[in-house]
Every structure is written in structure tokens, then in C-alpha cells.
Amino acid sequence: MAGRDVAFLLLTLCFSASAGPLSRSPCELLPVGEGHPVQAMLKSFTALSGCASRGTADFPQEVHIINMRSRGPEGPGEKPTEVVLHVRPIQPWRVHEKPLVFVLNSPEPVLWKLKTVRLAPFIKRTFYVSEGSRVHFEPGNFSRSCEVLAETLPHGNEHLLTWGQEKYKAVTSFLELKAAEEVYIKVGEDPVFSTTCKIDTKFLSLNYLASYVQPQPSRGCVLSGPDQDREVHIIELQAPSPGTVSVFQVDAIVDIRPLETDGPPSTATWCWCSSARSTSNG
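Note that the structure is a prediction, hence the values are computed from the model and not measured.

Colleague: Help me understand the pattern of salt bridges in this model?
Modeller: Side-chain pairing between opposite charges can occur once the charged atoms of the two side chains come close. Taken as a whole, this structure holds four salt bridges when the rule is applied. Residues Glu 182 and Lys 43 are paired through a salt bridge, measuring 3.3 Å at the closest nitrogen-oxygen approach. Of this pair, Glu 182 sits in strand E13 (residues 182-187) while Lys 43 sits in strand E3 (residues 38-47), and the two are 139 residues apart along the sequence. For the pair shown, Glu 182 and Lys 43 are each scored as buried. Measuring nitrogen to oxygen at the nearest pair gives 2.8 Å for the salt bridge that ties Lys 98 to Glu 189. Here Lys 98, found in the loop between strand E6 (81-89) and strand E7 (100-105), pairs with Glu 189, found in the loop between E13 and strand E14 (208-215); they are 91 residues apart in sequence, far enough to count as distant.

Structure representation (C-alpha cells):
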């Protein structure tokens, strides 16, 4: 994917992996398949281009535009792409009270699942979506003050930005995405922003990001041991090859869960090994 990425390595560790066909003694490192208790996924936060401004500060509403580029599933019976839209204030200690306008453009229908934090109730929020797209609201009274409008929107970045500027005089943020599973928008007009939203292909802000998850190749083995009451899991992260190091560090998150969710708690010992801090590719 084009653009600059901030990445998180997700390691899912499932306990109580039985010694079956995967078991080998001694350990022979082989490509990890679906049956291995440790699965590695890379969650990247990215944007193709975008901008942010304080130009709407003198107007009654903020305007946030998302331009999704990739096409979702096609063909009869295919479910539309689902994207979770997280919205919260830039100032985490404040409740956001200004009316909001979201322009959610995509070449194919998208189900936008809205999740909000610290947004005042009974404030008008307007969502413009492409034909066939929908907005799903969390349970509660939030949707009563929201309006969803289907609109034929231009797909070009500059044309879509101009559409928003002509309709509302100014745009607070613009974000171009190739694909995303989750989008994170922090609402509010920061005084350090420029007065005009001008699209930049090198735009990268922690206030406006999208994320997607991809499986990562890894090798491992499962050993059978005499101690059936305790498991030992060892994870080793390899240092990136020279020339691929980015200025962004990758955070490694270990998600630990039982293999059988309805079974008794499992006792395990695990060792985290890393020869160097991993970093993302720019």
C-alpha cells in the first residue's frame, strides 16, 4: 500500500495446543499454518494523502471527508465492505459539542459502523454517503440527531474537496485511503492547523488514520513434553534487514487467549525474545 505506515505486530497466543500432527521433537522450524498456537498479524495505520485545517472555526459545523479508493466485494450475494469509523475529540478531556458533517465516499457500497467517544448528545451530525452505502449507529439515542444522505459524489480528491468547500465554505479534514478496516478521526479544530485544507501526498497525522490487518509469515514448531499441567511458549522477533528501517517503531502486542473458550483456565509460561526492536517499513 502506498503512503507512510505506522505498524503494530499482533501476536495471538492460544493455550492448550494439543500435541498432534504439528508436534515435532526436536523442534524443526517450519512455516506456521492455521493450527499453530501462535499467529502473527501486522496492523498498519496509514493514509494515502490528506490535509487538516482550522478553516471551519468561524462556521457552524466541522466538515470531515473520507475518500475510499479500493473496491469491496463484487457479485450477487456479496456483503458490503464493513469499516468501523471511530470518532472522538482531539482534546480527550473535553466533550465535543459542535455539529459535524462527514462525507464518506467509496466506489462500492460500504457499511460504516460508527463508534463515538465523548460526543455531546442531541447535536446535529450529517453523513453524506455514496449510493448503496449505509451508516450503522451504536445502540442509544445518538442516531436521533443524525441525518444520513445518499449522494452522488465525485471520486477525484480535488473534486471531492471542492464539493465540500463549495457546500460548506471550508473543510476541517480530508483523508484519502486505499483500503481500511477501521478509520480513526479526532474531531475539533486545532489552532496549529493551517487556515485552508490543501491535500498533501505526504500527509500523516495521528488525528486522522486508517488501519488494516495482514497475516505475517512466521516459522515455528509445537513440541510434546512430559509436563501436561504447564505450557511454555517462546516467541522471538527478528531484527529488520538493513535498509528497511523506518523512523517509526513497531509495537508488539501479545493477545493471549485459551484455545477452548469454555474450558478451565490454563497455566502457561511464556518467554519473549527479541534480538532488536522491530520497525515498520516506510
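After that view of the structure, there is still more to cover.
Colleague: Just checking my understanding: could you explain the state of the cysteines for this structure?
Modeller: Here a disulfide denotes one covalent bond, and it connects the sulfur atoms of two cysteines. By the definition in use, this model includes two disulfides. Between the sulfur atoms of Cys 27 and its disulfide partner Cys 221 the distance amounts to 1.9 Å. Sign of the S-S torsion, about -115° for the bond between Cys 27 and Cys 221, identifies this disulfide as left-handed. Here Cys 27, found in the loop between strand E1 (4-15) and strand E2 (30-31), pairs with Cys 221, found in the loop between strand E15 (219-220) and strand E16 (231-237); they are 194 residues apart in sequence, far enough to count as distant. Classification of Cys 27 as partly exposed rests on a relative accessible area of 39%. With a sulfur-sulfur separation of 2.0 Å, Cys 51 is cross-linked through a disulfide to Cys 197. Taking the torsion about the S-S bond as the criterion, the Cys 51 to Cys 197 disulfide, at about 100°, is right-handed. With a gap of 146 residues between them, Cys 51 in strand E4 (residues 49-52) and Cys 197 in the loop between E13 and E14 connect regions that are remote in the sequence. Both residues of the pair, Cys 51 and Cys 197, belong to the buried class. By sequence-ordered numbering of the bonded cysteines, the chain has its disulfides arranged as 1-4, 2-3.

Colleague: Hey, could you run me through the environment of Glu 28 in this one?
Modeller: Of note, Glu 28 is situated in the loop between E1 and E2. Spatially, the C-alpha atom of Glu 28 lies 9.5 Å from that of Leu 223, the residues being 195 residues apart in sequence. Not counting residues up to four positions away in its chain, the partners in contact with Glu 28 are Gly 220 and Cys 221.

Colleague: What is the right way to read the packing of aromatic side chains from this model?
Modeller: In this description, a pair of aromatic rings is defined by centroid distance and the angle of the planes. In total, this model carries eight aromatic pairs according to the counting rule given. Residues Tyr 128 and Tyr 168 carry aromatic rings whose centres are separated by 6.4 Å and whose planes lie at 65° to one another, so their mutual orientation is edge-to-face. You can see Tyr 128 sitting in strand E9 (residues 125-129) and its partner Tyr 168 sitting in helix H1 (residues 157-168), a full 40 residues away along the chain. Accessibility assignment for this pair places Tyr 128 and Tyr 168 in one class, buried. One aromatic cluster is present, built from ring pairs that chain together Phe 102, Phe 127, Phe 137 and Phe 142.

Colleague: What is the right way to look at the side chain of Asn 67 in this model?
Modeller: Counting through the fold element by element, Asn 67 comes out in strand E5 (residues 62-68). For Asn 67, the side chain forms a polar contact with the side chain of Asn 157, separated by 2.8 Å. Apart from the residues lying within four places of it in its own chain, the contact partners of Asn 67 are Asn 105, His 155, Gly 156, Asn 157, Leu 160, Phe 174, Leu 175, Glu 176 and Leu 177.

Colleague: Can you walk me through the sheet that holds E4 in this structure?
Modeller: Strands in a sheet are paired, the pairing made by backbone hydrogen bonds, and the direction either parallel or antiparallel. One open sheet holds the six strands; their spatial order is E4-E12-E5-E7-E9-E11, and the pairing between them is mixed. If you trace the sheet from one side to the other, it starts and ends with E4 and strand E11 (146-150), each paired once. The mean angle between the axes of side-by-side strands here comes to 15°, regardless of whether they run parallel or antiparallel. Across five bridges, E5 lies against strand E12 (residues 173-177) in parallel orientation. Its bridge partner lying in E12, Met 68 is registered against Leu 177. Against the sheet, H1 engages E4, E5, E7, E9 and E12, with an angle of about 160° to E5.

Colleague: Got a minute to help me understand the nonpolar core in this structure?
Modeller: One recurring pattern in soluble globular proteins: nonpolar side chains tend to sit buried together. Grouped together as the largest cluster of nonpolar side chains are 31 residues, with contacts concentrated most on Leu 85, Phe 102, Leu 104, Trp 112, Leu 177, Val 183 and Ile 185. Elements that contribute at least two residues to this core include exactly E5, E6, E7, strand E8 (110-116), E9, E12, E13 and E14. Membership of the second largest hydrophobic core comes to 14 residues, among which are Tyr 128, Val 171, Phe 174 and Cys 197.

Colleague: Help me understand the pairing of E8 in this model?
Modeller: Look at any regular strand and the pattern is simple: side chains alternate between the two faces of the sheet. Summarising the sheet, E6 and E8 pair through seven bridges and their orientation is parallel. Along E8, the bridge assignment pairs Val 87 with Thr 116. Note: E8 against strand E10 (residues 134-136), three bridges, orientation parallel. Bridge pairing links Leu 111 to Arg 134 in E10.

Cut-offs used in this document
- Residues numbered from 1 in each chain as written.
- Predicted model: local features only at pLDDT ≥ 70, side-chain atom pairs only at ≥ 80, totals over all residues.
- Heavy atoms only, no water.
- Salt bridge = Lys/Arg side-chain N within 4 Å of Asp/Glu carboxyl O.
- Helix = DSSP H or I, 4+ residues; strand = E, 2+ residues; numbered from the N terminus.
- Buried < 20%, exposed > 50% of the residue type's maximum accessible area, 1.4 Å probe, protein only.
- Disulfide = S-S within 2.5 Å.
- Contact = heavy atoms within 4.5 Å.
- Phe/Tyr/Trp six-rings, centres within 6.5 Å; stacked < 30°, edge-to-face > 60°.
- Polar contact = N/O pair within 3.5 Å; in protein donor to acceptor, adjacent residues only side chain to side chain.
- Pairing = 2+ DSSP bridges.
- Axes fitted to C-alpha atoms, helices over the stretch in contact; angles between N-to-C directions.
- Core = buried A, V, L, I, M, F, W, Y, C linked by side-chain atoms within 4.5 Å.

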